[in-house]
Amino acid sequence: MKNLKEISTRLEIAKKKIKINLEKKKGSNAASLGTALKISTELVAAVIVGTTIGFLLDNWFGTKPLLIIIFFFMGVTAGILNVFRSAKKMHKK
Amino acid sequence: MALNPMHQFEVYRIGPEINLGNINLSFTNASLFMLLSAITIIIFLFLGTKKKLLIPSKIQVITEMSYSFVAKMISDTAGSKAKPFFPFIFTLFMFVLFCNMIGMLPYSFTVTSHIIVTLVLAVVVFIGVTIIGFIKHGIKYLELFIPKGVPIVLLPLIVIIEIISYLSRPVSLSVRLFANMMAGHTMLKVFGGFVISLGLLGGWLPLGFSVALTGLEILVAFLQAYVFAILTCIYLNDAINLHH
């Protein structure tokens, strides 16, 4: 009987320790590194997609340099928008 | 040739050449390692769930942890409505994770360091999520491209920007995984080459770097699988709950 009591008090102490550790770890886990890696490619991807669309439309309509320039800047805008949105999502958490 | 850091990414044919019309369907080392990681996952999950002990064995603990990890990730990011998609996301996560981790073994081949593999995975996610969005919301899903409170004059411009932003999802998803894996493995090979060329006298510093980089690469391998899965969950959340 005494043994069981000892175990239960030990469990209590261990649980408390885990709780303290969990609270300490908040905000500095691997997930935040993941979001950092995520944002960096988001900007580039939108620029690539925008420029590709511009290039394809240029080939299609035969308006060589015009659409690629317009869509490049639209891609940049979309990229910044993406980054802004992910940053906002991070902030909410 | 052994010193060339890009040599590790070469795809070559194993066995006979198989042609189906104009498509080359030969079995390559890339297919071998994809098959290998799929078989490893099956064996791992089979061993982990064979004996359901109350006090779990080591492998059972790992299996249960991977299950609860993915389940928690889905419920945190996409809510309870995304529960039916658990098998797909779990498969995706485990496949990417095992491809990355098997690539960390010496003399192996990293499947995810090829853009075509990651792009196909990302495009499957992208098309699947778009179809789910249209099934759940019908034509209303297109409202995703029209943010609230935009003046009507700016609407055409904003819609094009939103469409570009939507189309950039599979690109960013695939480029991230591919670039991280390829850069990491090239760097490992470059430092390995330094160890050889500097010899017994100066080779110790790059050897230390190599060891440190291997640890970093294992972290990146896990993290990229995690990011891939969590972004799939976020896109799924957009499709199911329709807001951004």
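Above this text sits the structure in question.
How each quantity is defined
- Residues numbered from 1 in each chain as written.
- Chains lettered and ligands numbered in written order.
- Predicted model: local features only at pLDDT ≥ 70, side-chain atom pairs only at ≥ 80, totals over all residues.
- Axes fitted to C-alpha atoms, helices over the stretch in contact; angles between N-to-C directions.
- Helix = DSSP H or I, 4+ residues; strand = E, 2+ residues; numbered from the N terminus.
- Left-handed = near helix turned anticlockwise from the far one by under 90°.
- Contact = placed C-beta atoms within 7 Å.
- Nonpolar A, V, L, I, M, F, W, Y, C, P; charged D, E, K, R; others polar.
- Expected span 1.5 Å × (residues − 1).
- Buried ≥ 20, exposed ≤ 12 C-beta atoms within 10 Å, placed from the backbone.

Engineer: Give me the packing of helix H4 (residues 115-137) of chain B against helix H5 (residues 155-202) of chain B: which residues, what numbers.
Structural biologist: Residue and element names in this part refer to chain B. It is the contact of H4 with H5, at a shortest axis distance of 8 Å, that shows an interaxial angle of 145°. Viewed along their axes, H4 and H5 form a crossing whose handedness is right-handed. Along its contact with H4, which presents Ile-115, Thr-118, Leu-119, Ala-122, Val-123, Val-125 and Phe-126, the element H5 presents Arg-169, Pro-170, Leu-173, Ser-174, Leu-177 and Phe-178. Grouping the amino acids of the contact of H4 with H5 by side-chain chemistry returns ten nonpolar, two polar and one charged.

Engineer: Requested: an account of H4 of chain B, with residues and values cited.
Structural biologist: Residue and element names in this part refer to chain B. The end-to-end C-alpha distance of H4 is 32 Å, a good match for the 33 Å that 23 residues give at a rise of 1.5 Å each. Of the positions making up H4, those classed as buried are Val-117, Thr-118, Leu-121, Ala-122, Val-125, Phe-126, Val-129 and Gly-133. Looking at the buried positions of H4, the neighbouring elements they touch are helix H3 (86-103), H5 and helix H6 (204-241). Gly-138, located one to two residues past H4, shows a positive phi value of around 65°.

Engineer: I'd love a proper account of unusual backbone geometry, names of residues and values included.
Structural biologist: Here the phi dihedral of Tyr-107 of chain B falls at roughly 70°; this positive angle occurs in a residue that is not glycine. Overall, Tyr-107 of chain B belongs to the exposed group, with 5 C-beta atoms counted inside 10 Å.

Engineer: Break down the interface of chain A and chain B for me, with residues and values.
Structural biologist: Between chain A and chain B, the contact holds 20 residues from the first and 16 residues from the second. Among the secondary structure elements, those contributing two or more residues to the side of chain A that touches chain B are helix H2 (30-61) and helix H3 (64-92) of chain A. Looking at the side of chain A that touches chain B residue by residue, the classes come out as eleven nonpolar, six polar and three charged.

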